[in-house]
Amino acid sequence: MKTFLHYDIKILMALLQALKGDKKFFKFLANNGYPELAAWSNVVRGDEQALHWLFDNKFEAIAIITIAVDGHADAQKWINDTKDDFLIYFTAACKKDIDGIKWLQRNNLEIFILIAKEVQKIQDLQEKERTFFYVKH
């Protein structure tokens, strides 16, 4: 099972920039052997086709993080059942759980704190957009 821990820090920095909306980094990931990370950056923004692509291409662990962050109990159960500390705590950090963030800090995984915070920003923006009646859906 491939999780985010298997990527070089430079690639994770590119993922962070893609999450921030930088198309140059998105294209870099997509065209240089990391299409799963490019897809995940779109999944975080609600792209269901990218989510299906991740599942179809055997990147379930990466895909399920976002589903769990969105609040789906089955996805969270799947993550918990893996007994993979990273998956459990990173997902928690993406949901603003202080224990998840502290675990990442204790394990010197600062890049994942930055990624989790960016996921949180995107989630907050999506929630805000769903709240307002005048936003076209």
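Residues numbered from 1 in each chain as written. Predicted model: local features only at pLDDT ≥ 70, side-chain atom pairs only at ≥ 80, totals over all residues. Heavy atoms only, no water.

Chemist: Explain the overall build of the chain to me, using residue names and the numbers behind them.
Modeler: The secondary structure content of the chain amounts to 9 helices and 0 strands. Going from the N terminus to the C terminus, the chain shows its helices and strands as α-α-α-α-α-α-α-α-α. Rg of the C-alpha trace for the chain: 14 Å, near the compact-globule value of 14 Å for 137 residues, within the 12% margin. Expressed as a percentage of the 137 residues in the chain, the buried residues total 42%. Excluding contacts between residues fewer than 6 apart, the proportion of contacts in the chain whose partners are at least 24 apart in sequence is 47%. (Helix = DSSP H or I, 4+ residues; strand = E, 2+ residues; numbered from the N terminus. Rg over C-alpha atoms; globule rule 2.2 N^0.38 Å. Buried < 20%, exposed > 50% of the residue type's maximum accessible area, 1.4 Å probe, protein only. Contact = heavy atoms within 4.5 Å.)

Chemist: Could you give me a rundown of the layout of surface pockets, with the residues and numbers involved?
Modeler: As a volume, the largest pocket reaches approximately 310 Å³. Around the largest pocket, the lining is made up of 15 residues, and of these V43, G46, D47, E48 and D70 lie nearest the centre. Taken together, the elements giving at least two residues each to the lining of the largest pocket come down to α4 (48-56), α5 (60-69) and α9 (110-131). Residue composition of the lining of the largest pocket, grouped by class: 4 nonpolar, 6 polar and 5 charged. (1 Å grid on protein atoms, 1.4 Å probe; cavity = no way out; pocket = protein on both sides within 12 Å on 5 of 7 lines; lining within 4 Å. Points joined across faces, edges and corners; volume = space filled by probe spheres on them. Nonpolar A, V, L, I, M, F, W, Y, C, P; charged D, E, K, R; others polar.)

Chemist: Run through the pattern of salt bridges, naming residues and quoting values.
Modeler: Overall, the coordinates contain 3 salt bridges when judged by the stated rule. Note that K96 is salt-bridged to D124, the shortest N-O span being 2.8 Å. On the criterion of sequence distance, the pair formed by K96 in the loop between α7 (85-94) and α8 (98-106) and D124 in helix α9 is long-range, its members being 28 residues apart. Look at K96 and you get partly exposed, because its relative accessible area is 46%. Judged by relative accessible area, which is 38%, D124 ranks as partly exposed. Linking K121 and E118 is a salt bridge whose minimum nitrogen-to-oxygen distance equals 3.7 Å. One end of the pair is K121 and the other is E118, both in helix α9 and 3 residues apart, which spans about a single turn. (Salt bridge = Lys/Arg side-chain N within 4 Å of Asp/Glu carboxyl O.)

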